[in-house]
Structure formats: structure tokens, C-alpha cells
Amino acid sequence: MTSVETLLLPEALNGESLYGRFVAANRGAGALVTFSGRVRGETKEGAVSHLYLDWYPGMTEQSLNAIAADAAARFDVQAVLVAHRCGEVRSEEEIVFVATASAHRRAAFEAADYLMDRLKSEAALWKREVGAGFERWIEPTAKDANDLKRWEK
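### Some details on the packing of aromatic side chains
And step 1. Applying the stated rule across the entire model yields three aromatic pairs.
And step 2. Ring plane angle 85° and centroid distance 5.8 Å describe the contact between Phe-75 and Trp-151, whose orientation is recorded as edge-to-face. Taken as a pair, Phe-75 in the loop between helix 2 (59–74) and strand 5 (79–85) and Trp-151 in the segment after helix 4 (142–149) lie far apart in primary sequence, 76 residues in all. The residues Phe-75 and Trp-151 share a single accessibility class, namely buried.

Structural data, given as C-alpha cells:
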């Protein structure tokens with residue numbers, strides 16, 4: 001049975017702590033893959049002070065759970081962990097942490113990649129980037145859509 005856990009966190013995300021907990025819970029796995037995403041400090045608009053991730057309580061958690069459950073069902077993994085921030089996330093802070101465990105590396109890598117593509121384009125979170133003299137909503141790009149198409153097979 002695959003373990004699936006999702007967290008929506010308004011406070012700082014501690015990837016090292018989540019990694020340690022995930023490793024301890026999956027000692028029998030042959031492969032553990034993790035990904036940590038951070039708020040970029042610079043974009044073409046200039047220096048970024050923070051992102052604000054707006055969310056709708058209940059709906060956002062449900063979308064994270066559905067994406068994680070889909071990954072668990074699609075790939076031969078024994079565990080999936082998704083932790084995502086909401087609210088204000090300062091530049092260079094972690095915004096997302098994904099971990100997958102499986103018997104073999106391919107399934108763990110693919111599940112983590114799938115999770116990130118789906119989270120970036122489909123999670124019920126709305127991102128507003130704020131910097132010195134600018135503020136803009138972030139929408140999925142054409143590249144994000146192409147990345148997502150890889151999983152339509």
C-alpha cells in the first residue's frame with residue numbers, strides 16, 4: 001500500500017526535517033528522490049522580495065491530495081510526500097518540497113517529475129510575485145503546458 005501525505009503550510013517549510021522524516025519512514029526503499037523549490041531572488045522584472053500564494057481553504061488541500069494520489073496510482077512507488085507553502089514566501093525560501101520512494105530509481109524520479117509538473121500547472125494556488133516597483137500574477141507558461149503534456153500518455 002502506498003503512503004500519500006500532503007501538507008499545506010502557511011509557515012516556513014523545513015525541507016531537511018521533512019527529508020529526515022521521509023527517510024526514516026521509508027527505510028526499505030531502494031530509491032528516494034526529493035525536490036525542493038525556492039522563490040527566485042531575481043526575475044526579468046528585477047529583484048523579487050516575495051511571492052504571495054493565495055489559496056482557498058479546503059479546495060487547495062483537495063487539489064494537492066488529488067495530485068499526490070494520482071502520482072501514487074500511476075507509478076510503482078511506496079510513498080509520496082508533497083509539502084507546499086501558502087501565504088507570503090520570502091525570496092530564497094522553500095516554496096515546495098516533494099519526496100517519492102520506490103524499490104527502483106526510475107519510478108521515484110518519474111513520480112517526482114510528474115508531481116512537480118502537475119503542482120506547477122494544476123494546484124489550486126494563485127501566485128503573485130512582488131518586487132521593487134512591480135507586482136504580477138504568475139500564470140502557467142506554454143513550457144509548463146508542454147511539460148504537462150508528457151504525462152497524457
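### Regarding the nonpolar core
And step 1. By size, the foremost hydrophobic cluster in this structure holds 33 residues, and its most contacted members are Val-80, Val-82, Ile-95, Val-98, Leu-115 and Leu-119.
And step 2. Mapped onto this core, the elements with two or more residues apiece are strand 2 (31–38), strand 4 (46–55), helix 2, strand 5, strand 7 (94–102) and helix 3 (105–122).
And step 3. Sequence-distant contacts of Val-82, that is, excluding residues within four places in its chain, are made with Glu-5, Thr-6, Leu-7, Ala-68, Phe-97, Val-98, Leu-115 and Leu-119.
And step 4. Formed by eleven residues, the second largest nonpolar core is a distinct cluster that contains Phe-22, Leu-81, Ala-83 and Ala-101.

### Digging into the pattern of salt bridges
And step 1. Counted by the stated rule, this structure contains 13 salt bridges.
And step 2. A salt bridge links Arg-38 to Glu-92, with the shortest nitrogen-to-oxygen separation between them at 3.8 Å. Of this pair, Arg-38 sits in strand 2 while Glu-92 sits in the loop between strand 6 (87–90) and strand 7, and the two are 54 residues apart along the sequence.
And step 3. Among the residues examined, Arg-38 registers a relative accessible area of 51% and is labelled exposed.
And step 4. Overall, Glu-92 belongs to the exposed group, its relative accessible area being 53%.
And step 5. Here Arg-136 ties to Glu-129 by a salt bridge, and the two come within 2.8 Å at their closest N and O atoms.

### Overview of helix 3
And step 1. A rise of 1.5 Å per residue sets the reference length of helix 3, with its 18 residues, at 26 Å; its end C-alpha atoms lie 25 Å apart and thus fit the reference within 8%.
And step 2. Within helix 3, the full set of buried residues consists of Ala-107, Ala-108, Ala-111, Ala-112, Tyr-114, Leu-115, Met-116, Asp-117, Arg-118 and Leu-119.
And step 3. Looking at the buried side of helix 3, the elements it contacts are strand 2, helix 2, strand 5, strand 7 and helix 4.

### Observations concerning the sheet that holds strand 2
And step 1. Reading across the sheet, the four strands line up as 1-5-7-2 and stay open at both edges, with mixed pairing between neighbours. Each of the sheet's edge strands pairs with one partner strand only, and the pair in question is strand 1 (3–9) and strand 2. The sheet shows a mean angle of 5° between the axes of neighbouring strands, taken without regard to direction.
And step 2. Pairing of strand 1 with strand 5 involves seven bridges; the strand directions are parallel. Directly across from Leu-9, in strand 5, lies its bridge partner Arg-85.
And step 3. Sitting on the sheet, helix 1 (residues 15–25) touches strand 1, strand 2, strand 5 and strand 7, and the angle it makes with strand 7 is about 15°.
And step 4. Contacts between helix 2 and the sheet are confined to strand 1 and strand 5, with strand 1 contributing the most and set at about 150° to the helix.

### Observations concerning the packing of helix 2 against helix 3
Pairs of packed helices are described in terms of their axes, by the angle between the two and the distance that separates them.
And step 1. One way to put it is that helix 2 packs onto helix 3 with a least axis distance of 10 Å and a crossing angle of 155°. When the axes of helix 2 and helix 3 are compared, the pair comes out roughly antiparallel. In this structure, helix 2 crosses over helix 3, and the sense of that crossing is right-handed. On helix 3, the residues that touch Leu-64, Ile-67, Ala-68, Asp-70, Ala-71 and Arg-74 of helix 2 are Ala-111, Tyr-114, Leu-115, Arg-118, Leu-119 and Glu-122.
And step 2. Tallied by class, residues from the contact of helix 2 with helix 3 come to eight nonpolar, no polar and four charged.

Scoring rules and cut-offs
Residues numbered from 1 in each chain as written. Predicted model: local features only at pLDDT ≥ 70, side-chain atom pairs only at ≥ 80, totals over all residues. Heavy atoms only, no water. Phe/Tyr/Trp six-rings, centres within 6.5 Å; stacked < 30°, edge-to-face > 60°. Helix = DSSP H or I, 4+ residues; strand = E, 2+ residues; numbered from the N terminus. Buried < 20%, exposed > 50% of the residue type's maximum accessible area, 1.4 Å probe, protein only. Core = buried A, V, L, I, M, F, W, Y, C linked by side-chain atoms within 4.5 Å. Contact = heavy atoms within 4.5 Å. Salt bridge = Lys/Arg side-chain N within 4 Å of Asp/Glu carboxyl O. Expected span 1.5 Å × (residues − 1). Pairing = 2+ DSSP bridges. Axes fitted to C-alpha atoms, helices over the stretch in contact; angles between N-to-C directions. Parallel < 35°, antiparallel > 145°, perpendicular 65-115°, else oblique. Left-handed = near helix turned anticlockwise from the far one by under 90°. Nonpolar A, V, L, I, M, F, W, Y, C, P; charged D, E, K, R; others polar.

Shape descriptors only; they carry no functional weight alone.
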